[in-house]
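# Coordinates in review
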Amino acid sequence: MTDLLLRDTRLIDGTGADPRERVDVLVADGLISAVAPTGTLPTGERLRVVEGRGRTLLPGFLDCHVHVSTLPAKDPMADVLAPESLFVLRSVPHLSATLDAGVTTVRDLAGADSGYRSAVELGLIRGPRLRIAIRILSVTGGHGDWRTVEGVALDTGPGAGAIADSPAEFVRAVREVLRQGADWVKVAATGGMGSPASHPESGGLSGPELRAVVEEADRHGGVGVAAHAQGAAGIAAAVRAGVRSIEHGYQIDDATIDLMGERGTWLVPTLSTLTRPLSDGLAPWVAAKRRTMKEAASERLHAALTAGVPVALGTDAGIAPHGTNLTELALLVEHGLTPMAALVAGTSGAARMLGLEDQVGSVVPGLRADLVLTEVDPLTDIAALADPDRIDLVVQDGRAVKELR
Ligand SMILES: [Zn+2]
């Protein structure tokens, strides 16, 4: 592998530190090997030099909530009738577009099984490295229950919900997804907007069921639990049970905001999905639930973000569009983060949430060389990072996977 020198860049290293002007970053054997003032590093013959003057260098971004095999505004009937191969094959352009957007790591929270993760690791397809949950664990009638009244399954593929209804059944369900290679366990701590039979304010796991999931996942080498949680009571129950991340968090109350701060529970607010236009091809029942929740949710998430709850970037791409993941950064700023805090939420913060902080998320010697070079100044125009055309170069594990044009 040719070594790479990114010369004379403006560095925002992802740790929250102030930008540094005129910095060279040397990449060798897939790792960041040195960060130094421009012109001070030795150059050699095997070195490819990329001129970075006028551009900002950042860590590759992490999106902690995606569904790579899912399409936004899907026709549920089309998905029921589609063969499994269509879910797999359409993920290929989704993963590619995500990488081109500057995202080099994602956590897929239902849909992708271990074959997707392996295909990226083996270099069979281009895409962000994957951490996977495979499927969502849900109670009967909850967010993962996609059956008709008569019990006909409307969801297909490995992402279909796993239904369980007691602590013992949830322990078995946890063991089953871990047996299949899950890095994370995902539960439906409340109902949701997209599922036919559940509602954000009900339909989640009981306290004992949540605790059984967290305890069993933790017993397997400290696997984390991500809780889909929208209504206030379900969010609070999931935080008390010890989940590592609250996904959505739309109706979070003040007491739970405080508790998350105390316990260090992460919030992944998926604003890209919340703020999606109601006209955007949503089924009528989804639009109705979303309409009643949207404004209040914006206000509650603003309260959580300004209170300093740990936050990690996640879009719910697959429900939101693929390949414009960094739209979420400007939305985080609209909801109370500074631009620098939003960048941290998408880099070192997300890496910490995923337990990958010693591998990715910062431009620090010794970490994997996942890097983004952009003409955009994210501190003055963070919304512009959402445009993949303005992500000039993407480096993953030391290789340029999106080239300068
Ligand atoms: Zn989701």
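Residues numbered from 1 in each chain as written. Predicted model: local features only at pLDDT ≥ 70, side-chain atom pairs only at ≥ 80, totals over all residues. Heavy atoms only, no water.

All right, on to the side chain of Arg117 then. Relative to the assigned elements, Arg117 resides in helix H3 (residues 114-121). Overall, the relative accessible area of 14% leaves Arg117 in the buried class. Within the structure, Arg117 has its side chain in polar contact with the backbone oxygen of Gly181 (distance 2.7 Å). Not counting residues up to four positions away in its chain, the partners in contact with Arg117 are Leu130, Ile132, Gly181 and Asp183. (Helix = DSSP H or I, 4+ residues; strand = E, 2+ residues; numbered from the N terminus. Buried < 20%, exposed > 50% of the residue type's maximum accessible area, 1.4 Å probe, protein only. Polar contact = N/O pair within 3.5 Å; in protein donor to acceptor, adjacent residues only side chain to side chain. Contact = heavy atoms within 4.5 Å.)

Here we come to the sheet that holds strand E6 (residues 61-66). Overall, parallel pairing links the three strands, which are arranged E6-E7-E8 in an open sheet. Looking along the sheet, the strands with just one partner apiece sit at the ends: E6 and strand E8 (129-132). Across the sheet, the mean angle from the axis of one strand to that of its neighbour is 20°, orientation sign disregarded. Bridge count for strand E7 (residues 103-108) against E8 is four bridges, and the pairing is parallel. Counterpart to Val106 in the pairing with E8 is Leu130. (Pairing = 2+ DSSP bridges. Axes fitted to C-alpha atoms, helices over the stretch in contact; angles between N-to-C directions.)

This brings us to unusual backbone geometry. Positive phi, close to 40°, is recorded for Thr270, a residue that is not glycine. Residue class for Thr270 comes out buried when judged on its relative accessible area of 0%. Positioned with a positive phi, Asp397 is a non-glycine residue whose angle comes to about 50°. The topology assignment puts Asp397 in the loop between strand E16 (391-396) and strand E17 (399-402). Looking at Asp397, the relative accessible area reads 29%, which means it is partly exposed.

Relative to the helices and strands, Trp285 resides in helix H9 (residues 284-306). The spacing of Trp285 and Met193 is 92 residues in sequence and 7.8 Å in space, taken between C-alpha atoms.

Another aspect to go through is the pattern of salt bridges. Opposite charge on two side chains permits them to pair, given that their charged atoms come into close proximity. What the rule picks out here adds up to 24 salt bridges. For Asp392, the salt bridge goes to Arg55, with nearest N and O atoms at 2.9 Å. Taken as a pair, Asp392 in strand E16 and Arg55 in the loop between strand E4 (47-51) and strand E5 (56-59) lie far apart in primary sequence, 337 residues in all. Classification of Arg55 as partly exposed rests on a relative accessible area of 23%. Taken together, the shared-partner salt bridges connect Arg129, Arg368, Asp370 and Asp397 into one network. (Salt bridge = Lys/Arg side-chain N within 4 Å of Asp/Glu carboxyl O.)

Take the side chain of Ser69 next. Mapping Ser69 onto the fold places it in the loop between E6 and helix H1 (76-81). Once residues within four sequence positions are removed from consideration, Ser69 is found in contact with Phe87, Arg90, Ser91, Gly111 and Tyr116.

Moving on, we get to the pairing of E17. Inspection of the sheet shows E16 paired to E17 by three bridges, in the antiparallel sense. Its bridge partner lying in E17, Val395 is registered against Ala400. Here E16 folds back onto E17, and the loop between the two strands holds two residues, one of which, Asp397, carries a positive phi near 50°.

Now for the pairing of strand E1 (residues 3-11). Remark: a regular strand shows side chains that alternate across the two faces of the sheet. Taking burial as the measure, the nine residues of E1 include eight buried ones, the bulk of the element. Bridge count for E1 against E5 is two bridges, and the pairing is parallel. Each residue of the ladder has a partner; that of Leu11, found in E5, is Leu57.

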